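# Close look at the chain arrangement
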Amino acid sequence: MSLADVRRLGDRGVRVRVTPDTVEPLRALLAAEPLPGQCDLVAGGETVTVLFDGPRSATAAASALSAMTPPESVLADGPLVRIDVVYDGEDLRDVAEQLGTDEAGVVRMHTERTWHVGFLGFAPGFAYLRGAEPSPEIARRRSPRVRVPAGSVGLAGEYSAVYPRTSPGGWQLIGRTEAELWSLDREPPALLVPGTRVRFVAARRRVTLPATPAPSEPATPAPSGAAARPARGLVVRETGLQSLVEDRGRPGRAGVGVTRSGAADRGALRQANRLVGNPRGAAAIENAGGGVELVAVGDQVLAVTGADAPLVVESPDGHWRAVERGRPFALDDGDLLEVGPVTAGLRVVIAVRGGVDVPAVLGSRSTDTLANLGPAPVTAGDVLPVGRAPRTAVGEPEPVPEVPDGSRPTVLDVLRGPDAELFPDGAWEHLLEERWEVTPNSDRVGVRLTGEPLARADGEVQSQALVPGAIQVPPSGQPVVFVVDHPTTGGYPVLAVVAEHHLDLLAQLPLGSPVRFVAVEGPVGA
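All of these numbers come straight from a predicted model, not from anything done at the bench.

Criteria and thresholds
Residues numbered from 1 in each chain as written. Predicted model: local features only at pLDDT ≥ 70, side-chain atom pairs only at ≥ 80, totals over all residues. Heavy atoms only, no water. Core = buried A, V, L, I, M, F, W, Y, C linked by side-chain atoms within 4.5 Å. Buried < 20%, exposed > 50% of the residue type's maximum accessible area, 1.4 Å probe, protein only. Helix = DSSP H or I, 4+ residues; strand = E, 2+ residues; numbered from the N terminus. Contact = heavy atoms within 4.5 Å. Pairing = 2+ DSSP bridges. Axes fitted to C-alpha atoms, helices over the stretch in contact; angles between N-to-C directions. Phe/Tyr/Trp six-rings, centres within 6.5 Å; stacked < 30°, edge-to-face > 60°. Lys NZ or Arg CZ within 6 Å of the ring centre and 35° of its normal.

### Some details on the nonpolar core
- L129, I174, L192 and F200 are the most contacted members of the largest nonpolar core, which totals 32 residues.
- Elements with a minimum of two residues in this core: β5 (80–85), α3 (92–99), α4 (103–112), β6 (115–120), β7 (127–131), β9 (152–156) and β13 (197–202).
- Sequence-distant contacts of I174, that is, excluding residues within four places in its chain, are made with V86, Y87, D88, G89, L92, V95, V106, H110, V153 and L155.
- If you look at the next biggest cluster of nonpolar residues, it comprises 30 residues, including V18, A62, Y128 and Y163.

### As for the sheet that holds strand β27 (residues 446–450)
- An order of β25-β32-β29-β30-β27-β26-β33 is seen for the seven strands of this closed barrel, with the pairing classed as mixed. Averaged over all pairs of adjacent strands, the angle between their axes in this sheet comes to 40 degrees, without regard to strand direction.
- In the sheet, strand β25 (residues 410–416) pairs with strand β33 (residues 514–519) via five bridges, with the strands oriented parallel. Bridge assignment links L412 to a residue of β33, and that residue is F517.

### Here we look at the packing of aromatic side chains
- In this structure the tally under the stated criterion is 10 aromatic pairs.
- With a centroid separation of 6.4 Å and 75 degrees between ring planes, the pair formed by W115 and F200 is classed as edge-to-face. Pair noted here: W115 is in strand β6 and F200 is in strand β13, with a separation of 85 residues, a long-range link. For the residue pair W115 and F200, the accessibility class agrees, reading buried in each case.
- Seen in terms of ring centroids, F122 and F126 are 5.0 Å apart; in terms of plane orientation they differ by 70 degrees. Their pairing is edge-to-face.
- Given a relative accessible area of 1%, F126 falls into the buried group.
- Among the aromatic residues, those joined into a cluster by ring pairs are F119, F122, F126, Y128, Y159, Y163 and W171.
- The side chain of R416 reaches across the aromatic face of W428, ending 5.0 Å from its centre.

### Some remarks on helix α1 (residues 23–32)
- All buried positions along α1 are accounted for by V23, E24, P25, L26, R27 and L30.
- Close packing links the buried residues of α1 with β2 (13–17), β3 (38–43), β4 (47–52), α2 (55–66) and β6.

This is the structure:
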């Protein structure tokens, strides 16, 4: 007997569907004996997804996995974590009614069974816990809450979970805890990792969740004016719609709920860094829509790539000059770079020689907007420190790849998704034939499209891994194409995946612009 349901998830992913009781054994086996080129593992409700370093590795692995004998189901035997809970949740009475018992019966159900981590997803440290014995199915709330407090204990389907941080959510809340589910001060940061067993204990005293501490005041006031500035840096005068610090991101942590994040247009980041002589993954500024203004502290060398926008440098004495994308240029101390509104594309990348030298979080200086990891979004008045200049020459001017201007449909190549067969006949053709439009509520998490709704089967799928470019179809039938800050797992079927060579183009789609999809036979380079 072999693993029968092995499917590709884009260019670099392979999804294996198994029974829920063999998810963790298969994940553990692949973690202990990685396949060639294996970069990450993401467990789901009834899937294990393996991410690779390239299409060739993924293609070879798909064959190897198809021939693999399924591992035997084993009970979780990892460390036991006890979590004290005060059972006073807002939905405790509703859950009791669903189970045909009283509130005390819900508490007994929750505390008398041993739970184990099935998988992590949704948010960093969010663990989906299964009961060692069958658990009753609890319906999600009809209307999700906009704000679920950190430490809330919930039930949904056969799972229980603790919200590691304040976030939206539709689970039924039965209690709360002070247990710290996610901390950057430990390794791994997640308290509950695959294989961990969990027992919930009813607390005898009321748990008071700590308030977010106020920033500590410095012992002495920070100097003001020029003395407070670094020797080399960039003062942010305007940010435009959004400006973030981004590098190559945090690959390899999806198994604990942390997506890669990083620059949305990775090619633009590489090119901008190449032009100023930086390593290809140095941190830069990613700006959406233009309108950013930066003042040099000390002499600097910058380059701008990505979206097209007018670029002007103004000196302190009022003289100005235009500069070009794809060409390194100098800023003298006090010079102002003004990036005007974008005329094509969406995201401008601004690299500075030496890189933006903010503190790294989990090995990256990137801002993850969904997980709230990394530096805070750039605000007016910020002073971004710049690292030591590399001992390399600046690059030669280069042509910048063309970006869409919205005047005609942008064509994106797509691969058939692993859940395509779950859709009614004609859905795949509908995706390819429709002219879709990018909605204004698109962001680094996902490009949300509107058009004639896609037909889809009722219900959801078990939560499973997502990748940049995955096209998920919620009940509305309006597709969502995930970008770099996507959740690590999702519960809607994936009809298609944007080919990797078009992910940078996806990141540059202007709001309101038209989009068409074209099917390609298989991963490029496979």
